[in-house]
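# Coordinates in review
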Amino acid sequence: MRSAEAPALLDEIDRRIVNALQGGFPLVPRPYAAVAETLGLSEAELLARLHGLVASGVLSRFGPMFDAEKFGGAVSLAAMAVPVDRFDAVAAVLMDLPEVAHNYERRHPLNMWFVIATETPAGIGAAQRAIEAKTGLKVLLFPKVREYFVGMRVEA
Amino acid sequence: MSRPPLDALDRAIIAATQGGLPLTPTPYADVAARVDADEAEVIARLSRMLEAGAVRRIGAVPNHYRLGLSHNGMTVWDVDDAEVDRLGEIVGALDFVTHCYRRPRALPDWPYNLFAMVHGRSRDEVEAKRAEIVDLLGGFVRASDILYSTRILKKTGLRIAG
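Residues numbered from 1 in each chain as written. Chains lettered and ligands numbered in written order. Predicted model: local features only at pLDDT ≥ 70, side-chain atom pairs only at ≥ 80, totals over all residues. Heavy atoms only, no water.

## Notes on the pairing of strand 5 (residues 141-155) of chain B
The condition that has to hold: Strands are labelled as partners when DSSP assigns at least two bridges between them. Helix and strand definitions here come from DSSP, where helices need a minimum of 4 consecutive H or I residues and strands a minimum of 2 consecutive E residues; each element is numbered from the N-terminal end.
When strand 3 (residues 100-106) of chain A meets strand 5 of chain B, the two strands line up antiparallel, connected through 5 bridges. Across the sheet, the residue bridging to Glu105(A) is Arg151(B), located in strand 5 of chain B. Bridging between strand 2 (residues 71-79) of chain B and strand 5 of chain B involves 7 bridges; their strand directions are antiparallel. When the sheet's bridge partners are listed, Thr75(B) is paired in strand 5 of chain B with Ile146(B).

Following this line, the structure appears as structure tokens:
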């Protein structure tokens with residue numbers, strides 16, 4: 001994997017914080033204080049650690065994760081088989097499309113995998129057709145049929 | 001399908017927090033001030049959206065690369081449609097699987113209907129985890145593959161308009 005990001009050094013407290021904040025964040029006026037208490041930390045220490053984890057990029061973010069479909073939107077995984085000599089140009093096309101949220105190069109004949117997210121379910125097909133028109137390549141859609149698990153468990 | 005009872009205030013709360021919940025002692029009161037509601041209303045709305053599944057969870061999103069999990073493989077499996085839900089639950093329960101979904105096949109290009117994302121510190125670690133899934137699924141696997149990511153081309157979060 002090509003990445004300039006070096007692994008961060010997390011101590012045991014950081015790891016406990018990341019794991020404790022996977023879900024079930026309290027809906028009370030002082031939620032960080034409530035979580036801090038279960039971790040044996042002060043509210044100020046937990047907030048300082050969280051600031052550090054977000055600032056250093058260990059956490060992409062901390063907050064509510066919404067289900068776009070429940071808000072009327074739609075999301076689908078999609079893939080294309082892109083000729084190697086056109087790969088960067090096609091990646092640039094997707095970079096400019098706001099409907100494309102993530103895009104990864106993967107080692108497979110289907111070598112470009114991306115997420116299409118749109119405000120309406122009809123938007124998925126429209127984005128698929130737009131990408132096909134712009135690139136001349138077939139876009140395969142892999143919308144989720146059922147979700148078994150989404151989350152992250154960090155070794156404590 | 002009935003439309004979930006989400007209104008403008010719900011959307012405003014999500015729009016105000018999708019970049020992150022304030023890292024302050026009173027995050028809900030701070031959000032309330034931004035959406036012109038009061039703290040109790042914001043808490044009640046978030047609670048309702050959690051119950052309805054419109055908010056999946058309030059939590060931390062770790063960056064795998066910064067955690068040293070620099071290798072990721074999308075493992076994909078062709079299993080019997082009659083067994084896929086049972087097997088998906090089993091694979092999704094593995095602690096090294098971060099996403100596990102049933103998705104449609106795209107024949108003839110793509111015979112796989114079960115997707116499980118596996119992260120590790122090295123290629124070998126990812127392969128060892130894939131082997132664990134092979135053992136678990138046993139004779140139910142008709143075909144499988146693993147697609148390593150070689151480059152992140154774009155990464156922007158999903159956003160909703162406020």
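## Here's the deal with the interface of chain A and chain B
Quite often, the size of an interface is put as the accessible area lost when its parts meet. Note the cut-off: Whether two residues are in contact is decided by their heavy atoms: any pair within 4.5 Å suffices. In short, buried area is how much 1.4 Å probe accessible area vanishes from two parts on joining, totalled over both. Put simply, a salt bridge is a Lys or Arg side-chain nitrogen that is within 4 Å of an Asp or Glu carboxyl oxygen. Two N or O atoms form a polar contact when they lie within 3.5 Å of each other; inside protein one atom must be a possible hydrogen donor and the other a possible acceptor, and for residues adjacent in sequence the pair counts only when both atoms belong to side chains.
On the chain B side, the residues contacting the 81 residues of chain A number 85 residues. Both faces considered, chain A and chain B share a buried interface measuring about 7,900 Å² in area, 58% of it formed by carbon and sulfur atoms. Linking chain A with chain B are 8 salt bridges, by the criterion used here. Across the pair Asp67(A) and Arg56(B) runs a salt bridge, and its minimum N-O distance is 3.8 Å. One can count 39 residue pairs in polar contact (both at pLDDT 80 or more) joining chain A with chain B.

## Quick notes on the environment of Thr135(A)
All names here are of chain A. Turning to its location among the elements, threonine 135 is positioned in helix 5 (residues 122-135). Spatially, the C-alpha atoms of threonine 135 and alanine 89 are 9.0 Å apart, while their sequence positions differ by 46 residues. Engagement of the side chain of threonine 135 in a polar contact is seen with the backbone oxygen of isoleucine 131, the distance being 2.7 Å.

## Section: the nonpolar core
Which entries qualify depends on this criterion: For our purposes a nonpolar core is just a set of buried Ala, Val, Leu, Ile, Met, Phe, Trp, Tyr and Cys residues, chained together by side-chain atoms within 4.5 Å. The cut-offs for exposure are 20% and 50% of the maximum accessible area for each residue type, with area from a 1.4 Å probe on protein chains only; residues under the lower value are buried, those over the upper are exposed, and the others partly exposed.
Core analysis: the largest hydrophobic core is formed by 41 residues, its most contacted members being Phe25(A) and Tyr32(A). Sorting the residues of this core by element identifies helix 1 (12-20), helix 2 (31-39), helix 3 (43-55) and strand 1 (59-66) of chain A together with helix 1 (8-17), helix 2 (27-35), helix 3 (39-52) and strand 1 (55-62) of chain B as the ones contributing at least two each. In this view, Phe25(A) contacts Pro31(A), Tyr32(A), Val35(A), Phe62(A), Leu21(B), Tyr28(B) and Ile58(B); residues no more than four positions away in its chain are not counted. The next biggest cluster of nonpolar side chains, apart from the first, holds 19 residues, and it includes Met80(A), Ile116(A), Ala127(A) and Ile131(A).

## Observations concerning the packing of aromatic side chains
Filter applied, for reference: Two rings belonging to Phe, Tyr or Trp (six-membered ring only in the last case) form a pair when the distance between their centres is within 6.5 Å. Interplanar angles under 30 degrees mark stacking, angles over 60 mark edge-to-face geometry, and anything in between is tilted. When the NZ atom of lysine or the CZ atom of arginine is within 6 Å of a ring's centre and also within 35 degrees of its normal, the charge is said to sit over that ring.
For the structure on display, the rule yields 11 aromatic pairs over all chains. Look at Phe142(A) and Phe115(B): their rings are 5.9 Å apart centre to centre, the planes differ by 50 degrees, and that puts the pair in the tilted class. With Phe142(A) in strand 5 (residues 140-142) and Phe115(B) in strand 4 (residues 114-120), the pair connects residues from two separate chains. In this structure, Phe142(A) and Phe115(B) share a single accessibility class: buried. Of the aromatic side chains, those joined through ring pairs into one cluster are Trp113(A), Phe142(A), Trp110(B), Tyr112(B) and Phe115(B). Cation over ring: Arg106(A) sits above Tyr104(A), and NZ or CZ is 5.3 Å from the ring centre. We note Arg103(B) situated over the ring of Phe115(B); from NZ or CZ to the ring centre the distance is 5.3 Å.

## Description of helix 1 of chain B
So the rule is basically this: Comment: arc refers to directions from the helix axis out to C-beta atoms.
For helix 1 of chain B, the complete set of buried residues consists of Leu9(B), Asp10(B), Ile13(B), Ile14(B), Ala16(B) and Thr17(B). Along the axis of helix 1 of chain B, the buried positions cluster into a sector of 165 degrees, meaning they face one direction only. Here the buried face of helix 1 of chain B lies against strand 1 of chain A together with helix 2, helix 3 and strand 1 of chain B. The backbone nitrogen of Leu9(B) lies 3.0 Å from a side-chain oxygen of the residue at the head of helix 1 of chain B, namely Asp7(B).

## Some details on the pairing of strand 4 (residues 112-118) of chain A
Residues and elements named next belong to chain A. Judged by how many residues are buried, strand 4 sits mostly within the fold: 6 of 7 residues are covered. Across 7 bridges, the pairing between strand 2 (residues 74-80) and strand 4 is antiparallel. For valine 75, the partnering residue across the bridge sits in strand 4 and is alanine 117. Across 5 bridges, the pairing between strand 3 and strand 4 is antiparallel. Bridge assignment links histidine 102 to a residue of strand 4, and that residue is valine 115. Linking two consecutive strands that pair antiparallel, namely strand 3 and strand 4, is a turn of 5 residues.

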